[in-house]
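Chain and residue survey
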Amino acid sequence: MSTAPLTPDQVAEVQASFRRIVPIAPAAAEIFYDRLFAHAPHLRAMFPDDLAEQRRKLVAVLAMAVGALDRLESLLPTLHELGARHVGYGVEAAHYRPVGLALMETLELGLGPAWTPATEAAWAATYATLSAAMLEGAADALAAA
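Residues numbered from 1 in each chain as written. Predicted model: local features only at pLDDT ≥ 70, side-chain atom pairs only at ≥ 80, totals over all residues. Heavy atoms only, no water.

A full pass over the atoms with the stated rule returns 5 aromatic pairs. Aromatic pair phenylalanine 32 and tyrosine 33: ring centres 4.9 Å apart, planes at 85°, arrangement edge-to-face. Side by side, phenylalanine 32 and tyrosine 33 carry an identical accessibility label, which is buried. Each ring, one from tyrosine 33 and one from phenylalanine 47, has its centre 5.5 Å from the other, and the planes form 70°; the classification is edge-to-face. Of this pair, tyrosine 33 sits in helix α2 (residues 25–39) while phenylalanine 47 sits in the loop between α2 and α3 (52–67); the two residues are 14 residues apart in sequence, bridging distant segments of the chain. On the basis of relative accessibility, which here comes to 4%, the residue tyrosine 33 falls in the buried class. Put simply, the rings of Phe32, Tyr33, Phe37 and Phe47 touch in pairs and so form one group of aromatic residues. (Phe/Tyr/Trp six-rings, centres within 6.5 Å; stacked < 30°, edge-to-face > 60°. Buried < 20%, exposed > 50% of the residue type's maximum accessible area, 1.4 Å probe, protein only. Helix = DSSP H or I, 4+ residues; strand = E, 2+ residues; numbered from the N terminus.)

Here's what the structure looks like:
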């Protein structure tokens, strides 16, 4: 993986801040997709009209990933597979940037005053790590096709 490993403090910060998001997860997922489609309206066509199931999946995947950040090596195969699967949905490398922007904005809105520079930095490092693993899986899938 090409990103720097997450520090224990970053892992702890992401996990603690995500616990604050869990009680508002449905609203946060709605905000996420609103922000995603504001940044990249062309991505809306990749999703079903009713986003309810997609929102649930987003929260579930985030919860799984955040919960396993302290065991990153065990998480990597799942992320590779997720990245490979997303190729089949038409996801391209360029799509990861608006997803990251939407995630960071959602967290900032959801956490309010608890969104600190340390929280932002920890989430930025986490997204860089997770998306790099997914992009590697996507690249492997494309190379095998």
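And the narrative resumes.
Let us now look at helix α1 (residues 8–21). Look at α1: 20 Å from first C-alpha to last across 14 residues, which is about the 20 Å you get at 1.5 Å a residue. Inspection of α1 places Val11, Val14, Gln15, Ser17, Phe18 and Ile21 among the buried residues, and these make up the whole buried set. Considering only its buried residues, α1 is in contact with α2, α3, α5 (96–111) and α6 (117–144). (Expected span 1.5 Å × (residues − 1). Contact = heavy atoms within 4.5 Å.)

Turning to the UniProt feature "domain: Globin" (unreviewed entry) in the protein chain, a few remarks are in order. Cross-referencing UniProt, the feature "domain: Globin" (unreviewed entry) maps to residues 5–139 in the present numbering. The span residues 5–139 shows a helical share of 75% and a strand share of 0%, and its end C-alpha atoms are spaced 21 Å apart. (UniProt positions renumbered as here; feature names shortened; annotations may be inferred.)

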